[in-house]
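Structural description and commentary
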Amino acid sequence: MARLLVLIALLVLLWWGWRWFVRTPAPEVARALRGWVVWGLVGLLVLAAATGRLNPLFAALGAAIPVVLRIANLAQLLPLLQRFLGRGRAGQGPRLRSRYLELELDAGGGALDGEVLDGPFAGRRLSALDREALARMLEFYRESDAESARLLETYLSRARGWSGASGGSGGAGSGRPSPSEARAILGLGVDAGPDEIRAAHRRLMQRLHPDRGGSDYLAARINAAKQVLLEE
């Protein structure tokens, strides 16, 4: 019975760890891992000092340095690994794309993030950028691409709580999306039928309606996506 309880506890811990990993921005994952490593080393030092085994521990740490450096290099692949495990797979939530940005929303948990496609900070995750960088991007987008500016304002308003960001307060999107864009916005595959389209629309609007902390811009894009796919 005790072994069964331990097994259940381990499975629950693994499930929780997997969900935390795929839902947490890569910089936060890397920061948490560094913290665990530091505290783990502190614990080993205390234990070795208490048991008189400091010399073997130092020898082991010296041999482990190359391995630690390799792990640090692999940490740069965290965003790609997270996308492979579920953060960026097709059909996992709305994906709104503009010239410079692709915005992603986890419809289940409501976590907003995105990737810079072009221009300043291309290839970076929005969650990995500081306030100064985001402010520079917003100024640039407002001058060069209104749709990218609306997407970034939406991110800043919902994910960062910027009171100065309008969250796409203009209401209208960039026009009628194509069928492929509409499927991406609703997080649907090419074979989705009318019932799936309506269900996806209803699920997203329950979380992204302006009255529930969403924005007029997001609601407009989701409504347009539904209309395009039902007409198709």
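One numbering rule holds for all chains: residues counted from 1, following each sequence as written. Selection of residues for local features in this predicted model requires a pLDDT of at least 70, selection of side-chain atom pairs for listing and counting requires 80 or more, and totals for whole chains, interfaces and linings are taken over all residues. As a rule here, side-chain values cover all heavy atoms of the structure and leave hydrogens and water aside.

1. Here's the deal with the overall build of the protein chain
Helices and strands together make up the secondary structure of the protein chain, namely nine helices and three strands. Partly exposed describes any residue whose relative accessible area lies between the buried limit of under 20% and the exposed limit of over 50%, with all areas from a 1.4 Å probe on protein chains only and scaled to the type maximum. For the protein chain, with 232 residues in total, the buried portion stands at 34%. Taking contacts inside the protein chain between residues at least 6 apart in sequence as the whole, the part at least 24 apart equals 53%. With the model as given, the accessible surface of the protein chain reaches about 13,900 Å², and the carbon-plus-sulfur share is 59%. By definition, any uninterrupted DSSP run of H or I lasting at least four residues is a helix, any uninterrupted run of E lasting at least two residues is a strand, and each is numbered from the N terminus. We call two residues in contact whenever any of their non-hydrogen atoms come within 4.5 Å of each other. A 1.4 Å probe and the Shrake-Rupley method give the accessible areas. Residues count as covered only by the protein chains that appear here.

2. Structural notes on the pairing of strand β3 (residues 112-116)
Counting buried residues along β3, five of its five residues qualify, which places the element largely inside the surrounding structure. Burial along β3 is two-sided: Leu112, Gly114 and Val116 and Asp113 and Glu115, pointing in opposite directions, are all buried. Here five bridges tie strand β2 (residues 101-105) to β3, and the two strands are oriented antiparallel to one another. Across the sheet, residue Glu104 finds its bridge partner in β3, namely Asp113. DSSP-based pairing: two strands are paired if at least 2 bridges between them are found.

3. Structural notes on the sheet that holds strand β1 (residues 95-97)
The three strands lie next to each other as β1-β2-β3, forming an open sheet whose pairing is antiparallel. The sheet terminates laterally at β1 and β3, the two strands that pair on one side only. Ignoring strand direction, the axes of neighbouring strands in this sheet form an average angle of 20°. Together, β1, β2 and β3 form the strand contacts of helix α6 (residues 146-159), whose direction differs from that of β2 by roughly 35°. Here an axis means a line fitted to C-alpha atoms, over the contact stretch when the element is a helix, while the angle between two N-to-C directions is reported on a 0 to 180 degree scale.

4. Comments concerning the packing of aromatic side chains
Note on aromatic contacts: the rings of Phe and Tyr and the six-membered ring of Trp form a pair at centre separations within 6.5 Å, being stacked when their planes are under 30 degrees apart, edge-to-face when over 60 apart, and tilted otherwise. Evaluated as defined, the whole model comprises three aromatic pairs. Residues Tyr100 and Tyr141 carry aromatic rings whose centres are separated by 5.1 Å and whose planes lie at 10° to one another, so their mutual orientation is stacked. With Tyr100 in the loop between β1 and β2 and Tyr141 in helix α5 (residues 131-144), this residue pair connects regions lying 41 residues apart in the sequence. What makes Tyr100 buried here is its relative accessible area of 4%.

5. Remarks on the pattern of salt bridges
Side chains bearing opposite charge may pair, as long as their charged atoms lie close to each other. One speaks of a salt bridge when a side-chain nitrogen belonging to Lys or Arg is within 4 Å of a carboxyl oxygen belonging to Asp or Glu. For the coordinates displayed, the defined rule picks out nine salt bridges. The salt bridge involving Glu102 is made with Arg95; its shortest N-O contact spans 2.7 Å. Like Glu102, the residue Arg95 is buried in the burial classification. One salt bridge connects Asp195 with Arg198, and the closest N-O pair in it is separated by 4.0 Å. Here Arg198 and Asp195 lie together in helix α8 (residues 194-208), a separation of three residues that amounts to about one turn.

6. Details of the environment of Gly114
By the element assignment, Gly114 lies in strand β3. Here Gly114 falls in the buried class, since its relative accessible area comes to 0%. Along the backbone, Gly114 and Leu152 are 38 residues apart, and their C-alpha atoms lie at a distance of 9.0 Å. Those residues in contact with Gly114 that lie beyond four places of it in its chain are Glu102, Leu103, Glu104, Arg124, Arg125 and Leu126.

7. As for the confidence of the model for the protein chain
pLDDT is a per-residue confidence score from the predictor, ranging from 0 to 100. With 66% of its residues at a pLDDT of at least 70, the protein chain reaches an overall mean of 74. Confidence scores differ between elements of the protein chain, with helix α4 (residues 78-87) showing the lowest mean pLDDT of 51 and α5 the highest of 91.

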